[in-house]
Amino acid sequence: MLTIRDLSVEITHGDRIVRPVTGVDLELHRGETLGIVGETGSGKSMTGLAVMGMLPGGGRVVSGSIDFDGTELVGLGDAAYRRIRGNDISMVFQDSMTSLNPTRSVGDQVAEPLQLHRGMSLRAARRSAAEMLALVGIPRPQERMGDFPHQLSGGMRQRVMIAMALICEPRVLIADEPTTALDVTIQAEILELLGELKQQLGMAMILVTHDMGVVVRHADRVGVMYGGRLVETGRTADLFRSTRHQYTHALLASIPTLAQDKDVELFSIPGSPPDPADPQIGCRFAPRCAAATERCRTETPRPVAGPGEGHLFACWNPVDERQATREVRRFDASGIASSETDAQRVRLSVVDLRKEHPVSAKGVFGRRRSVKAVAGVSFEVRAGEAFGLVGESGCGKSSLGRMLVALDAPTSGEVLLDGDRVSGLSPRRLGSRRAKLQMMFQDSHASLDPKMRIDAILCEPMVIQGIGTAEERAERARALLAGVGLGASILERYPHELSGGQRQRIGLARALALDPDVLVADEPVSALDVSIRSQVLNLMRGIQRERGLSSVVISHDLAVVRYLVDRVGVMYLGALVEVGATDEVYTRPAHPYTAGLLAAVPVADPDLADTPVDRVHGELPSPLDPPSGCRFRTRCPLATDLCARVEPVLEDVGDDHAVACHFPLQPKLRETTTAEALTAGEAR
Amino acid sequence: MWFLLRRVLVSLVVLLGISLVVFLMLNLISDSPGRAALGQQASQAAVDAFNREHGYDRPVLIQYVDYLLQLLRGDLGRSYKLNEEVGTLLLQNAPRSAMLSLAGLVLALVIAIPLGILQAVRRGRFIDRAATSISYLLYATPSFLIALVLIGIFSQTIPLFPAEASQSSSPWVVFTDPRSMALPLITLAITNVVVFAQYQRSAALEQLGMDYIRVARAKGASERIVLTRHLLRNAITPIITLVGVLIPTLLAGNLIVEAVFNYPGLGLLFLNSLHREDYPVLLAYTLIGGALTVIGNLVADLVVARADRRIELGR
């Protein structure tokens, strides 16, 4: 169907030449899904854009050919290419918020390719568009036709994007990170939808993603890209079971799984991915590869056949059986600072915390409404303990995190640090206690002042709190950098000169500058690539252990939370639905929501790829009007009448394991009757 | 609907404030309305008698309230210098000014929007750099100088157009006598194009980088369709806001153009009234300027909300 031979792309920016894709060979057969995986800058998206003939400004294909069913696409004229684009070959992009035109109705946008390619009238095209919207699972498509993109949820927008790409029934669909911006539960639905439609329309699909779990479950064959080159390709099962390339092997090893042994350090690849502007001599992965030899640095490896059919890899020192069982590095247990008695002490406690954001009323006399971002959450974090908060976007976990470090004042309820209230105080009264509560942010690019040098960034907290002399502060800044594995030379640089991983380390170092008692990390690694992510995770895990720091880790990534924390709380629509020891919650989830979330996580294991999963369906209801009774009932397979009437309270289902559910998946320690539940619910 | 009512109420309060400030200021700088009306030769007794007769001897605030009540009746006062109702004077001149402004504005938009988008598409190329350089040059040039240079070239050196605008009292003179109105119109258009085109350029540049533009191309749309169907509506909102803000300034722009080309409009009336110290006319002109500012902003907000559905009025 689609044959790419020796494809190389160059982008010219002034006198700088970047080579994002070099010598890539790929084949896509009728009806199959080809996964292209790689990290940022690996050239995976650029390969997709090259097929679409839509390279960015200054970009061109310098060599190779792209054969689409007998038509050579390289060098094809503009008009001829336009007839193929959106008609025979379509593309779905990552971010549906920015990928839909904000000022045109979704119906018109879905109908547009039909007008362009089939010469249909707007009316006829709209009729087909409504049918297509129904096909991609949009409820009441006729009513949605006139909606504008901002009126739809992220999942619905992505369905619109897919409808738009498929309306002309293309033979090839290129999906570029189609689910990266979505929650796991929605991601699973979208990927399944794509799979079904592929079957139904008999098309072939290229699935471009960074997520190995997605590829395992949804691709027939996989191509792994690194530094602009295709390093390994083959049938999905072959590639994952008998991985040959050192990079693929290292990448798979560095992904934290839901079954990760937490005392074992995650495998991590040192260094960072190559700059596509650098000269390309030898294997691109050689500088970061543990098995690299002199030959790897001087000679570019040619693809050789692996064990399976069509399995090719380009590596001079491929992974062999001996290496497959790699050596594990355990965390040094003696480094744990907190003593037994100390560990029992409650450091941070959250009591019935609420946060409501008022929304402007309809009309002058309308009832004032409010979004209940956090609706009565209570939990405790003990000294030296790591507590995790997981949930889908919009569940209130970040609002909660900001209140924990007193960046936001709660509407009601309180946060206590060592028994003293820290919430709702004026900055003056909070004073030095603020130093004990520090935060690490998700986006290190936005949370580091671009006009400040790293030394100033690291010293600022100490200056504000009036700690030490200038020399002492400089000394501490160097120590902090060393603590996060960075050299002192970075002190004189600016944030934009650092890589994403380095910046996130600076964010961590800054949060540690005041030697806090509690560290709140909001999505600490979600902006980072897989190979960098494991470096930062190991660092955080090590620091937690060495310092006896209490930490709260907020993330949508269940595997990340599993690796970093001792106890975990699952949030849904502003409320805590399950809380308990991490292993307990992950192995014996008691709330149907927790179970569904865990089931939706894509796992990078080909043996599990075909097992059916019982995941959460549907979308998150609006926090403006949360469902009555149990908030989860609208998406819960077990919901009954009782769930609609009575809001469940947290009840123990085990030692340090509580759940707020009328029908928990694990037996309650003390069985409550319906009548008791009713009175308990009414008492609230 | 509630939004509209609220905005109108707020606008009225703003206008009330403007009228108070302007009234007090004019009261401060003028020695006495009687002296202004009767001239330097009149005796003090006659001036005092005039002031008493017309209530100008009362406290300022009472005079202001009186003026407001008079405004409510639709009476803008009387020009003693021209011995004419201010309302009548304005009505005679306003349509001519409005037509000139409107024609100038439309001409400017018709040139500036495509030019700005073209500059964005050809960013950094010759056409973009040339247009930007010329824009800056013209932006820095006072409009009377532009007018004089135009007269020098197109009226003196090459006698294409007359140097004076049409003196006809018809507001349609812009269309009936385009030759005599060409230079005033071109002057107005130039001063506006240089501003609009630069705004349009940066707005279009921002939108060109958006993913939905890439998606439109991925659908197989030609560049013409990408620009007209997808880019234009998103890139035009800053211009709408700008036009709303500029509507009252166009009145001031007219002041210079009307003075240079001797076009009998509001601007010329204002200028002459300034020389004559004809305060009732000045007061009314300023109030109308204030009203136009408020209305221009309101209309711009409504149009922007209509063009971009993400904007919810009243939020």
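Provided above is the structure to which this section pertains.
Below you will find a few notes about this structure.

Here is what the cut-offs are and how they apply
Residues numbered from 1 in each chain as written. Chains lettered and ligands numbered in written order. Predicted model: local features only at pLDDT ≥ 70, side-chain atom pairs only at ≥ 80, totals over all residues. Helix = DSSP H or I, 4+ residues; strand = E, 2+ residues; numbered from the N terminus. Rg over C-alpha atoms; globule rule 2.2 N^0.38 Å. Buried ≥ 20, exposed ≤ 12 C-beta atoms within 10 Å, placed from the backbone. Contact = placed C-beta atoms within 7 Å. Nonpolar A, V, L, I, M, F, W, Y, C, P; charged D, E, K, R; others polar. Core = buried A, V, L, I, M, F, W, Y, C linked by C-beta atoms within 7 Å. Pairing = 2+ DSSP bridges. Axes fitted to C-alpha atoms, helices over the stretch in contact; angles between N-to-C directions. Expected span 1.5 Å × (residues − 1). Left-handed = near helix turned anticlockwise from the far one by under 90°. Parallel < 35°, antiparallel > 145°, perpendicular 65-115°, else oblique.

Considering the overall build of chain A
The helix and strand inventory of chain A stands at 26 helices and 24 strands. In summary, chain A has a C-alpha radius of gyration of 27 Å against a globular reference of 26 Å for 684 residues, a match within 12%. If one aligns the C-alpha atoms of chain A with their principal axes, the spans along those axes are about 75 × 60 × 50 Å. Classification of the 684 residues of chain A by burial places 48% in the buried group. By sequence separation, contacts in chain A at least 24 residues apart represent 67% of the contacts at least 6 residues apart.

A word on the interface of chain B and chain A
The interface of chain B with chain A comprises 21 residues on the first partner and 25 residues on the second. Secondary structure elements with two or more residues in the side of chain B that touches chain A: α10 (211-218) and α11 (223-235) of chain B. Counting residues per element, the side of chain B that touches chain A draws most heavily on α10(B), at 6 residues. In terms of residue class, the side of chain B that touches chain A is made up of 7 nonpolar, 5 polar and 9 charged.

Concerning the environment of Ala108(B)
Residues and elements named next belong to chain B. In this structure, Ala108 sits in helix α5 (residues 86-121). With 84 residues separating them in the primary sequence, Ala108 and Asn192 have C-alpha atoms 5.9 Å apart. Setting aside residues no more than four positions away along its own chain, Ala108 makes contact with Ala189, Asn192, Val193 and Phe196.

As for the nonpolar core
Counting 254 residues, the largest nonpolar core has Val110(A), Ala163(A), Ile174(A), Val231(A) and Val577(A) as its most contacted members. If you tally residues by element for this core, the top one is helix α9 (residues 178-208) of chain B, at 12 residues.

Points about unusual backbone geometry
Residues and elements named next belong to chain A. The phi torsion at Arg140 lies on the positive side, around 45°, for a residue other than glycine. Phi angles above zero are rare outside glycine, and Glu523 is one such case at about 45°. Locating Glu523 in the fold gives a position in the loop between β19 (518-522) and α21 (530-547).

A few points about the pairing of strand β9 (residues 221-226) of chain A
Residue and element names in this part refer to chain A. Counting buried positions along β9 gives 6 out of 6 residues, so the element sits mostly inside the fold. Here 4 bridges tie strand β3 (residues 33-37) to β9, and the two strands are oriented parallel to one another. Bridged to Val37 within β9 is Val224. Pairing between β9 and strand β10 (residues 229-235): 6 bridges, direction antiparallel. When the bridges of β10 are listed, Met225 appears paired with Leu230.

A few points about the sheet that holds strand β23 (residues 651-654) of chain A
Residues and elements named next belong to chain A. Read from one edge to the other, the open sheet built from 8 strands follows the order β18-β19-β20-β15-β21-β22-β24-β23, with strand pairing classed as mixed. Here the strands that pair on one side only, and so sit at the sheet edges, are β18 (437-440) and β23. In this sheet, adjacent strand axes meet at a mean angle of 20° when their direction is disregarded. Docked against the sheet, helix α15 (residues 397-404) engages β15 (386-390), β18, β19, β20 (550-555) and β21 (567-572), running at close to 155° with respect to β20.

Examining helix α4 (residues 60-72) of chain B
Residue and element names in this part refer to chain B. Here α4 contains 13 residues, and its C-alpha end-to-end distance of 18 Å stays within 8% of the 18 Å for a straight helix at 1.5 Å per residue. α4 sits mainly on the outside: 0 of its 13 residues count as buried. Note on α4: the residue one or two positions beyond its end, Gly74, has a positive phi of about 85°.

Concerning the packing of helix α18 (residues 454-464) of chain A against helix α19 (residues 470-483) of chain A
Residue and element names in this part refer to chain A. It is the contact of α18 with α19, at a shortest axis distance of 9 Å, that shows an interaxial angle of 115°. Note on packing geometry: the crossing formed by α18 with α19 is right-handed. For the pair α18 and α19, the contacting residues are Asp455, Leu458, Cys459 and Met462 in the first and Arg473, Ala474, Arg476, Ala477 and Leu480 in the second. Looking at the contact of α18 with α19 residue by residue, the classes come out as 6 nonpolar, no polar and 3 charged.

With respect to the packing of helix α1 (residues 2-29) of chain B against helix α14 (residues 279-307) of chain B
Residues and elements named next belong to chain B. Across the interface, α1 lies against α14 with an axial gap of 10 Å and an inter-helix angle of 155°. One finds that α1 runs roughly antiparallel with respect to α14. As for the relative orientation of α1 and α14, their crossing is right-handed in sense. Contacts between α1 and α14 involve Arg7, Ser11, Val14, Leu15, Ile18, Ser19, Val22, Phe23 and Leu26 from the former and Tyr279, Leu282, Leu283, Thr286, Leu287, Gly290, Ala291, Val294 and Leu298 from the latter. Grouping the constituent residues of the contact of α1 with α14 by class yields 13 nonpolar, 4 polar and 1 charged.

Some words on the sheet that holds β3(A)
Residues and elements named next belong to chain A. With mixed pairing, the 8 strands of this open sheet are ordered in space as β6-β7-β8-β3-β9-β10-β12-β11. For this open sheet the edge positions go to β6 (89-92) and β11 (304-305), each flanked by a neighbour on one side alone. Alignment of β11 against strand β12 (residues 312-313), held across 2 bridges, turns out to be antiparallel. If you follow Ala305 over to β12, its bridge partner there is Leu312. Here helix α1 (residues 44-52) sits on the sheet and contacts β3, β6, β7 (172-176), β8 (204-209) and β9; the angle it forms with β7, its principal contact strand, is near 145°.

Description of α10(B)
Side chains of residues three or four places apart in an α-helix project in the same direction, reflecting 3.6 residues per turn. Most of α10(B) sits out of view: 7 of its 8 residues are buried. Inspection of α10(B) places Tyr212(B), Ile213(B), Arg214(B), Val215(B), Ala216(B), Arg217(B) and Ala218(B) among the buried residues, and these make up the whole buried set. Residues of α10(B) that are buried make contact with α1, β6 and α3 (96-99) of chain A together with α9 and α11 of chain B. Of the residues one or two after α10(B), Gly220(B) is the one with positive phi, at around 95°.

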